[in-house]
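Chain by chain, the residues run as shown.
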Amino acid sequence: MQIKQLNQNQLEECLEVIHKSFATVAKQFGFTQENCPGHTSFMPLEKLQRFYNWGFLMYGLFDDSNSKNQDKICGFISLSKVPERENVVSIHNLCVLPELRNKGYGELLLDFAKEKSKELSAEILFVDFIEEHTQLKNWYIKNGFSHTGTEKYDHLPFTVGKAEYVRSRHALL
């Protein structure tokens, strides 16, 4: 597997991967366009384009072991600096296609984000997620993140969980 920075021409393919990947979460929690229109599984291309234009760094996971799939994106992650917190980089939309899950590819993307945050001189890597998604929350914790709190928003039918990976606590990275 190989992780490559993506360009603007690849955003439609990224969005397909995002939609397919987050559709399983929407189904698991009963999210629909009506009850949770802002969920990632329903993200319009314009929103992804806006993130790209704002300077989010976007990366795709490619399967370089299979020549017919080496140009197809099978995982995605984007990163952005947090303007109000100088030493923080935020993870957005980390996902792997459902048929390729449980093979360590999510961890590969997460480790990449840890290394990239170091290159960006960030001490903290931040992520938010559906708090009720216990499996995902535990996965972040298993991968060195500390759960730092929750927030409830009126427009979302779930609680937002927050977690941080602090590099100085993990001297090897």
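Residues numbered from 1 in each chain as written. Predicted model: local features only at pLDDT ≥ 70, side-chain atom pairs only at ≥ 80, totals over all residues. Heavy atoms only, no water.

Draft legend 1. The arrangement of unusual backbone geometry in detail. For Asn93, which is not a glycine, the phi torsion comes out positive at approximately 55°. For Asn93, the position within the fold is in strand 4 (residues 88–96). Among the residues examined, Asn93 registers a relative accessible area of 14% and is labelled buried. Located in the positive-phi region is Asn102, a residue other than glycine, with phi close to 65°. Along the chain, Asn102 falls in the loop between strand 4 and helix 3 (105–119). Note on Asn102: relative accessible area 79%, which makes it exposed. (Helix = DSSP H or I, 4+ residues; strand = E, 2+ residues; numbered from the N terminus. Buried < 20%, exposed > 50% of the residue type's maximum accessible area, 1.4 Å probe, protein only.)

Draft legend 2. Fine view of the packing of helix 3 against helix 4 (residues 134–142). Direction vectors running N to C along helix 3 and helix 4 enclose 50°, while the axes themselves pass 11 Å from each other. Between helix 3 and helix 4, the angle is such that the two are oblique. Where helix 3 crosses over helix 4, the two elements pack in a sense that is right-handed. Together, Gly106, Glu107 and Leu110 of helix 3 and Trp139, Tyr140 and Lys142 of helix 4 make up the contact between the two elements. Residues belonging to the contact of helix 3 with helix 4 are distributed by class as follows: 3 nonpolar, 1 polar and 2 charged. (Axes fitted to C-alpha atoms, helices over the stretch in contact; angles between N-to-C directions. Parallel < 35°, antiparallel > 145°, perpendicular 65-115°, else oblique. Left-handed = near helix turned anticlockwise from the far one by under 90°. Contact = heavy atoms within 4.5 Å. Nonpolar A, V, L, I, M, F, W, Y, C, P; charged D, E, K, R; others polar.)

Draft legend 3. Inspection of the sheet that holds strand 1 (residues 2–5) at higher detail. Strand order in the open sheet made by the 7 strands is 1-2-3-4-5-7-6, with mixed pairing throughout. Of all strands in the sheet, those with a lone pairing partner are strand 1 and strand 6 (146–152), marking the two edges. Each neighbouring strand pair of the sheet contributes to a mean axis angle of 25°, computed without reference to strand direction. Pairing of strand 4 with strand 5 (residues 124–130) involves 3 bridges; the strand directions are parallel. Each residue of the ladder has a partner; that of Val89, found in strand 5, is Leu125. The strands touched by helix 1 (residues 11–29) are strand 2 (57–62), strand 3 (73–81), strand 4 and strand 5; relative to strand 4, the strand with the most contacts, the crossing angle is about 80°. Helix 4 rests against strand 4, strand 5 and strand 6 of the sheet, and its axis sits at about 165° to strand 5. (Pairing = 2+ DSSP bridges.)

Draft legend 4. Spatial organisation of the environment of Asn93. For the pair Asn93 and Gln5, spaced 88 residues apart in sequence, the C-alpha to C-alpha distance is 15 Å. With residues near it in sequence (within four places) discarded, Asn93 still touches Ile18, Phe22, Thr40, Met43, Phe76, Ile77 and Ser78.

Draft legend 5. Region of the structure containing the nonpolar core. Ranked by internal contacts, the top residues of the largest apolar core, which has 39 residues, are Leu48, Ile91 and Phe145. Considering each element in turn, this core owes the most residues, 6 residues, to helix 1. Among all residues touching Ile91, those that are not within four sequence positions of it are Ile77, Ser78, Leu79, Leu110, Ala113, Leu125, Phe126, Val127 and Phe145. Counting 8 residues, the second-largest nonpolar core is a separate cluster that includes Val25, Ala26, Phe31 and Cys36. (Core = buried A, V, L, I, M, F, W, Y, C linked by side-chain atoms within 4.5 Å.)

Draft legend 6. Molecular detail of the packing of aromatic side chains. The full count for this structure, using the stated rule, is 10 aromatic pairs. With a centroid separation of 6.4 Å and an interplanar angle of 55°, the aromatic rings of Trp54 and Phe56 are classed as tilted. Classification of Trp54 as exposed rests on a relative accessible area of 57%. With relative accessibility at 13%, the residue Phe56 sits in the buried group. Both rings, one in Tyr59 and one in Phe112, keep their centres 4.7 Å apart while their planes meet at 65°; by these two values the pair is edge-to-face. Taken together, the residues span a long stretch of sequence, with Tyr59 in strand 2 and Phe112 in helix 3 at a distance of 53 residues. Accessibility expressed as a relative area gives 3% for Tyr59, which makes it buried. A connected cluster of aromatic rings, assembled from ring pairs, spans Phe129, Trp139, Tyr140, Phe145 and Tyr165. Between the NZ or CZ atom of Lys4 and the centre of the ring of Phe62, over which it lies, the distance is 4.8 Å. (Phe/Tyr/Trp six-rings, centres within 6.5 Å; stacked < 30°, edge-to-face > 60°. Lys NZ or Arg CZ within 6 Å of the ring centre and 35° of its normal.)

Function cannot be read off these values alone, since they describe shape.
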